[in-house]
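Notes for the structure review
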Amino acid sequence: MNKKTLHPESLMMSYGYNPEWSEGAIKCPIFQTSTFVFKTAEEGKAFFEVAYGIREQRPNEKMGLIYSRINNPDLEILENRLTLWDGAEDCAVFESGMSAVSTVLLEFLKPGDTILYSSPLYGGTEHFLQHVLTQFGINIIRFKTGHSRNEIIDIVNKSEHAHTLKMIYIETPANPTNDLIDISCCKAIADHFSKKTKPVYLAVDNTYFGPLWQHPLKHGADIVIYSATKYIGGHSDVIAGAVLGSSAIIKRIKTLRTFLGNMAGPWTGWLLLRSLETLKPRMETQARNARHVAEFLINHPKIERVNYLGFLDETNPVQYDIFKKQCLSGGAMLSFDVVGSEKEAFTFLNNLKLIKLAVSLGSTESLAEHPSTMTHVDLDPDEKIELNITEKLIRLSVGVEHYEDLIADISQALECIIVEEMELA
Ligand SMILES: *Cc1c(COP(=O)(O)O)cnc(C)c1O
């Protein structure tokens, strides 16, 4: 059987690992080691020449392991398996999503360069752009979901930084409202501002849709970033990140990773290998549950509005077209407005019993939070209004529990809102 023709889920238990390397162990052990023994001094010299770019790897030359900051079997096997979902040439894993994000930005942006990004981004990413990169003389320009291709090009031209634009960075679906950004349209904008001597790279943070439901490289992205803490890890027990792209791009990112020293450790790598074996069944169950929950919410008298991608249709042609083009599922992230305000939203959150009140997403357990005062507290009030991040908005990451139990929990927590209002009256 040709491994290339198998589905990724069939390869998650075995790809890139040979039991003969480890006494026949069916699972890749944790290579809890800092350094690796060379067979000869000549071999050590050859490994360093390639690792430090002194010469190119020769055809048929086998690279060996040197030191766990440069690489480690748990990370190499994990990186090889992660490439299968996105159809990427290579991957680099990190000890957090933020180290994946910051390493990409530091590698591709130099003083005087400009980055264009979609707003809102993950809070940590936006902070890094606004408060760290600007200290190094990097210009930032923002656009909003809903802006057309020509409007975005206009924003760049009016900024007077068009000639230094180096990267477009987007997150789609946007957190927490599920607004979609057209990846291939962003690629066309990147091409519009690219010159032979100055390519404009398109980076997509694909955390919200995991590696199953959207494949940005297939729509023209150069770089895909994940917080592997979310769907890839999927059990709320590990912090990690990943970057995927062409061999040339990942080589640059891995080189900077070696010198920043922010690679994932072997234990993190091993945990993610274990998580990947169930990635598809977990995410499929989560998406199925999310549809049931969304259908319950949309008909509930205490719910004013539901943001769920599975409900998109011809009544919203722009978003629906993007959805059909680049999304393979409605996903498992929902947000909704309860009737009332912050008080009612808090009553709902405080009365959930099965669903946990916590930030983060993509895990086996369902998580609910209040974006306005938690994940998105940093946004100014005007921006919150513009983005529909209201005081009554709840974000829900749907897990793998039985959907009837999730609906029962949501239902009883919504009942509590009524009880409180009656007590007040
Ligand atoms: C969580 C998250 C990050 C940051 O990842 P960490 O693993 O927490 O460092 C980046 N982007 C998005 C969209 C996220 O949800």
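Residues numbered from 1 in each chain as written. Predicted model: local features only at pLDDT ≥ 70, side-chain atom pairs only at ≥ 80, totals over all residues. Heavy atoms only, no water.

So, the side chain of arginine 257
Selection rule: Counting from the N terminus, the helices are the DSSP runs of H or I reaching at least four residues and the strands are the DSSP runs of E reaching at least two. The term polar contact refers here to a pair of N or O atoms within 3.5 Å; inside protein, the definition further demands a hydrogen-donor-capable atom paired with an acceptor-capable atom, and it admits residues adjacent in sequence only when both atoms are side-chain atoms. By definition in these notes, contact holds between two residues if any of their heavy atoms fall within 4.5 Å.
Inspection of the secondary structure assignment puts arginine 257 in helix H8 (residues 247–260). Polar side-chain contacts of arginine 257 include one of 3.0 Å to the side chain of glutamate 79. When near neighbours in sequence (up to four residues on either side) are disregarded, arginine 257 contacts Ile70, Asn71, Glu79, Ala92, Val93, Phe94, Thr103, Asn262 and Met263.

Quick look at the site of the ligand
Which entries qualify depends on this criterion: Residues are labelled near a given molecule or strand when at least one of their non-hydrogen atoms is within 4 Å of it. Only the protein chains shown count as cover for residues, and the accessible areas themselves come from Shrake-Rupley with a 1.4 Å probe.
Residues in contact with the ligand, as listed here, are Ser96, Gly97, Met98, Tyr122, Glu171, Asp205, Thr207, Ser227, Thr229, Lys230, Ile239 and Ala240. In isolation the ligand exposes 380 Å². Once the protein is present, 92% of that is buried.

Re the side chain of asparagine 206
Heads up, the condition is: Classification of residues uses two cut-offs on accessible area relative to the type maximum, computed with a 1.4 Å probe and protein chains only: under 20% is buried, over 50% is exposed, and between them is partly exposed.
Within the fold, asparagine 206 resides in the loop between strand E5 (201–205) and strand E6 (223–227). Note on asparagine 206: relative accessible area 0%, which makes it buried. Residue contacts for asparagine 206: discarding those within four places in its chain leaves Asp86, Thr172, Gln214, Pro216, Val224, Ile225 and Tyr226.

Observations regarding a nonpolar patch on the surface
What counts, and what does not: To count toward a patch, a residue needs a relative accessible area over 30% and no salt bridge; like charges are then connected within 9 Å, while nonpolar side chains (Val, Leu, Ile, Met, Phe, Trp, Tyr) are connected within 5 Å. Within this document, salt bridges are pairs made up of a side-chain nitrogen of Lys or Arg and a carboxyl oxygen of Asp or Glu, the two lying within 4 Å of each other.
Together, Phe48, Tyr52, Ile54 and Phe259 line one region of the surface with nonpolar side chains, adding up to about 450 Å² of accessible area. Note that tyrosine 52 resides in the loop between helix H2 (41–51) and helix H3 (73–86).

Some points on H3
The following threshold applies: The span you would expect from a helix comes to 1.5 Å times its residue count less one.
For H3, built from 14 residues, the straight-helix expectation of 20 Å at 1.5 Å per residue is met to within 8% by its first-to-last C-alpha distance of 21 Å. Buried residues dominate H3, accounting for 11 of its 14 residues. Taken together, the buried positions of H3 are occupied by Pro73, Asp74, Leu75, Ile77, Leu78, Glu79, Arg81, Leu82, Thr83, Trp85 and Asp86. Looking at where H3 begins, the residue whose side-chain oxygen comes 2.9 Å from the main-chain nitrogen of aspartate 74 is asparagine 72. Positive phi shows up at glycine 87, right after H3, with a value of about 65°.

A look at the domain arrangement of the protein chain
For clarity, the cut-off: What counts as a domain boundary in this text is fixed by an automatic or database domain assignment.
Domain boundaries assigned for the protein chain yield domain 1 (8–22 + 68–276), domain 2 (34–67) and domain 3 (279–424). Taking only C-alpha atoms, the centre of domain 1 and the centre of domain 2 are 28 Å apart. On the side of domain 2, 7 residues touch domain 1, which itself brings 9 residues to the contact. Applying the counting criterion to the domain 1 and domain 2 interface returns 1 salt bridge.

Observations regarding the environment of serine 119
The residue serine 119 is located in strand E2 (residues 114–119) in this model. Between the C-alpha atom of serine 119 and that of alanine 174, which follows or precedes it by 55 residues, the distance is 8.3 Å. At 3.2 Å, the side chain of serine 119 and the side chain of glutamate 383 are in polar contact.

Side note on the state of the cysteines
Test applied: Disulfides are defined in this document as cysteine sulfur pairs within 2.5 Å.
Going through the model one piece at a time under the given rule, you end up with 0 disulfides. In this structure cysteine 185 is a free cysteine whose sulfur lies 5.6 Å from that of cysteine 186, the closest cysteine sulfur available.

Notes on the pairing of strand E7 (residues 241–245)
Applicable threshold: DSSP calls a pair of strands paired once it identifies at least 2 bridges connecting them.
Within E7, 5 of the 5 residues are buried, which leaves the element mostly enclosed by the surrounding structure. Every second residue of E7 is oriented toward a common face, with Gly241, Val243 and Gly245 on one face and Ala242 and Leu244 on the other, all of them buried. Taken together, the 5 bridges between strand E1 (residues 90–94) and E7 define a ladder with antiparallel strand orientation. Residue pairing for E7: phenylalanine 94 is matched across the bridge by glycine 241. Where E6 meets E7, 5 bridges bridge the pair, whose relative direction is antiparallel. Pairing of serine 227 across the sheet is with glycine 241, part of E7.

Observations regarding the sheet that holds strand E10 (residues 356–357)
Test applied: For helices, the fitted line uses only the C-alpha atoms of the stretch in contact; every axis is such a line through C-alpha atoms, and the angle between N-to-C directions lies from 0 to 180 degrees.
With respect to topology, 5 strands assemble into an open sheet ordered E8-E9-E12-E11-E10, the strand pairing being mixed. Two strands in the sheet have a free side with no partner beyond their single neighbour: strand E8 (303–307) and E10. Contacts from helix H10 (residues 279–298) reach E8, strand E9 (333–338) and strand E12 (393–397) within the one sheet, and its direction differs from that of E9 by about 15°.

Quick look at the packing of helix H4 (residues 97–108) against H8
Short version of the rule: Our angle categories are set so that under 35 degrees counts as roughly parallel, over 145 as roughly antiparallel, 65 to 115 as roughly perpendicular, and the remainder as oblique. Note on residue categories: nonpolar means Ala, Val, Leu, Ile, Met, Phe, Trp, Tyr, Cys or Pro, charged means Asp, Glu, Lys or Arg, and polar means any other residue, Gly included.
Where H4 contacts H8, the two axes come as close as 10 Å, and the packing angle between them is 110°. By the angle class used here, H4 and H8 are roughly perpendicular. On H8, the residues that touch Thr103, Val104, Leu106, Glu107 and Phe108 of H4 are Ile249, Arg252, Ile253, Leu256, Arg257 and Leu260. A per-class count over the contact of H4 with H8 returns 7 nonpolar, 1 polar and 3 charged.

Digging into H2
Among the residues making up H2, those that are buried are Gly44, Ala46, Phe47, Glu49 and Val50. A positive backbone phi angle near 70° is found at glycine 53, which sits one or two residues after H2.

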